[in-house]
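Residues per chain, in single letters:
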There are 2 protein chains.
Amino acid sequence: MAAIEPGGRSARKHQAIMEAATAAFMAKGYAGTSMDDIAKLAAVSKQTVYKHFADKEKLFAEIVLATTDRVDAMIDLVAGIPTDADADALEEHLLRLSRQFLTALTQPQVLQLRRLIIANADTFPDLGAAWYEQGFERVLATLAATFQRLADQGLLRIDDPLLAANHFSGMLLWIPVNRAMFHGGPQHTQAELDHYADEGVRVFLAAYR
Amino acid sequence: MAAIEPGGRSARKHQAIMEAATAAFMAKGYAGTSMDDIAKLAAVSKQTVYKHFADKEKLFAEIVLATTDRVDAMIDLVAGIPTDADADALEEHLLRLSRQFLTALTQPQVLQLRRLIIANADTFPDLGAAWYEQGFERVLATLAATFQRLADQGLLRIDDPLLAANHFSGMLLWIPVNRAMFHGGPQHTQAELDHYADEGVRVFLAAYR
DNA sequence: TCCGAGAACTGGACGGTACAGTACCCACCA
DNA sequence: TGGTGGGTACTGTACCGTCCAGTTCTCGGA
């Protein structure tokens, strides 16, 4: 009767399968990963995998949706611009935010997850939509709220905060994300990223201050 | 010996296979499309397919690279800003350019091709890289050249034209392209697209004029 | 602390299916 | 009649999901 105890054997196996499947799917894609691969990588019998997850699709869906939790850190980052009403400090904060934002979103894991979801968006349309809403749009909405707050303080001049947030992230991410999508992985140096961040903020402030 | 005659039967079959394979890959992805599907769709025997293309990978590569020709139209569009040195006319031209640019790049076919390449970028890294360079970067370089020309005329103030081109396209495309990547297909109305185009130009000019 | 009952896990084998690529035969055309 | 292109049937492989017989772990109770 101890099936769902947090530290029980079952829970440990469950966790091991999740981790193994995540790594395998990230590395080799959905179609490129067999259930035998996952079982072997998790050091678990295939039977056990099927005891925890009804089938391959369910396993995949659960893994992808589990990653939406990780965006919480990003939310905190984006929400965390101090409210001291000073123009110079604003620029300072935005610069730091943009660099952290860009660094976080160009992590290999993040980019690979992105590729994984996009690659299977036609097979699992609901999954792609769910991740888009719970991951992508949530961050943008938070960023928009931050911009709105800054606009209320008179530090920015913004009609449509969500659009401004999209302009902001679009300018920052367009180049490195596209490069990463079409190539195998990240294709940029930290210096390049910082440059993109700085220039993006410069243009953003030129238009929205 | 008449295998390579332009109008010969062989050439027609070749064309039919290319078109069928393009449609099939676009619709169902690489792994989701079988060689039998392609043969049936092209109204041709599988044997004939293998007579024209060594294997599935070669067929896929040839199809994808064939589409890079289509970006020529985009190049012409982006290069085609008239050189009349008038600020109002500039804004007019940029607005029209941005709308056409956005409309062209959010065509379902374009987006699906994009998804197709991204989805298989890890299986065919060279292919993704080639398409990125010959498609993506070529358009951006042309746009950058146009901006440079406008800067030379004193209509824009630009240090790094290529970065400006990326800012421009990033602001325009970030929202609709991402939505399309994560969902099955296009998710926007023409009015939304026009709005994105107008606002993108507004911000661009605010920063770069 | 020890024990036993039952749940969970293991390893392998297997059915069924889908599919890439090949071998072989036929029909038509010169 | 010779040969070229096209169709059918086949081979081999990979993999999902299932089944079974035997083993290991967990935990409440003595």
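Numbering of residues begins from 1 in every chain and follows the order in which that chain's sequence is written. Note on labels: chains are lettered from A, ligands numbered from 1, in written order. Where totals are concerned, whole chains, interfaces and linings use all residues; where local detail is concerned, this predicted model gives features only for residues with pLDDT of at least 70, and gives and counts side-chain atom pairs only at 80 or more.

Once that is clear, we can look at the overall build of chain A. Counting from the N terminus, the helices are DSSP H or I runs at least four residues long and the strands are E runs at least two residues long. For chain A, the count of helices and strands is 10 helices and zero strands. Secondary structure of chain A in N-to-C order comes out as α-α-α-α-α-α-α-α-α-α. Projected onto the principal axes, the alpha-carbon positions of chain A cover approximately 60 × 40 × 30 Å. Exposure in this text rests on C-beta crowding, where 20 or more other C-beta atoms within 10 Å of a residue's own make it buried, 12 or fewer make it exposed, and counts in between make it partly exposed. The C-beta atoms are placed from the backbone. Looking at chain A as a whole, 36% of its 209 residues qualify as buried. Contacts in chain A between residues at least 24 apart in sequence constitute 65% of all its contacts with a sequence separation of at least 6. Residues are scored as being in contact if the C-beta atoms we place from backbone atoms lie within 7 Å.

Residue and element names in this part refer to chain A. In this analysis, the expected span of each helix is defined as 1.5 Å times one less than the number of residues it contains. For helix 1 (residues 9-28), with 20 residues, the first-to-last C-alpha span of 28 Å sits near the 28 Å given by 1.5 Å per residue. Within helix 1, burial applies to I17, A20, A21, T22, A24 and F25. The inward-facing, buried residues of helix 1 abut helix 2 (35-41), helix 3 (46-52), helix 4 (56-66) and helix 7 (108-119). G29 lies just past helix 1 and shows a positive phi near 80°.

So, about helix 10 (residues 190-208) of chain B. Taking 1.5 Å of rise per residue, the 19 residues of helix 10 of chain B would be expected to cover 27 Å, and the 26 Å separating its terminal C-alpha atoms lies within 8% of that figure. All of the buried residues in helix 10 of chain B are L193, Y196, A197, E199, G200, V201, V203, F204, A207 and Y208 of chain B. Residues of helix 10 of chain B that are buried in the fold lie against helix 9 (161-182) and helix 10 (190-208) of chain A together with helix 6 (87-105) and helix 9 (161-182) of chain B.

Before going further, it helps to examine the domain arrangement of chain A. Interface extent is often summarised as the accessible area lost during association of the parts. All names here are of chain A. For chain A, the assigned domains read domain 1 (9-53) and domain 2 (67-208). With centres defined by C-alpha atoms, the gap from domain 1 to domain 2 works out at 32 Å. Between domain 1 and domain 2, the residue contacts involve four residues of the former and five residues of the latter. For each domain, the first and last residues come from an automatic or database assignment.

Once chain B has been moved 0.0 Å along the axis and rotated by 180°, it coincides with chain A to within an RMSD of 0.1 Å. The relationship between the two copies is best expressed as a two-fold rotation axis. When C-alpha distances to the rotation axis are compared across chain B, the minimum falls at A119 of chain B, with a value of 2.0 Å. A shared binding surface is used by both copies, with 100% of the interface residues of chain B retained as interface residues in chain A. Least-squares superposition of the copies uses the C-alpha atoms of those residues scoring a pLDDT of at least 70 in each of them.

We now examine the interface of chain B and chain A. In this complex, chain B contributes 31 residues to the contact, which on the side of chain A involves 31 residues. Among the elements that line the side of chain B that touches chain A, the one with the most residues is helix 9 of chain B, at 11 residues. Here the side of chain B that touches chain A is built from residues that sort into 19 nonpolar, nine polar and three charged. Note on residue categories: nonpolar means Ala, Val, Leu, Ile, Met, Phe, Trp, Tyr, Cys or Pro, charged means Asp, Glu, Lys or Arg, and polar means any other residue, Gly included.

All names here are of chain A. Relative to the elements of secondary structure, L90 occurs in helix 6 (residues 87-105). Given 19 C-beta atoms within 10 Å, L90 falls into the partly exposed group. Ignoring anything within four residues of it in the chain, the contact list for L90 reads L150 and L155.

Take the packing of helix 5 (residues 71-79) of chain B against helix 8 (residues 125-152) of chain B next. Residues and elements named next belong to chain B. Every axis in this analysis is a line fitted to C-alpha atoms, fitted for helices over the stretch in contact. Angles between the N-to-C directions lie between 0 and 180 degrees. At a closest axis distance of 8 Å, the pairing of helix 5 and helix 8 adopts a crossing angle of 15°. Of the possible angle classes, the one that applies to helix 5 and helix 8 is roughly parallel. Where helix 5 crosses over helix 8, the handedness of that crossing is right-handed. Contact with helix 5, carried on its side by V71, M74, I75, V78 and A79, involves G135, R138, V139, T142, L143 and T146 of helix 8 and no other residues of that element. Along the lines of polarity and charge, the residues of the contact of helix 5 with helix 8 split into seven nonpolar, three polar and one charged. Every angle not falling under 35 degrees, over 145, or within 65 to 115 is termed oblique; those three ranges are roughly parallel, roughly antiparallel and roughly perpendicular. For a crossing to be left-handed, the near helix must be turned anticlockwise from the far one by less than a right angle; the clockwise case is right-handed.

Right, let's talk about the environment of Y208 of chain A for a bit. Residue and element names in this part refer to chain A. Note that Y208 resides in helix 10. Remark: the alpha-carbon pair of Y208 and G170, spanning 38 residues in sequence, is separated by 15 Å. Dropping the residues within four chain positions of it, Y208 is found in contact with L156, R157, I158 and A164.

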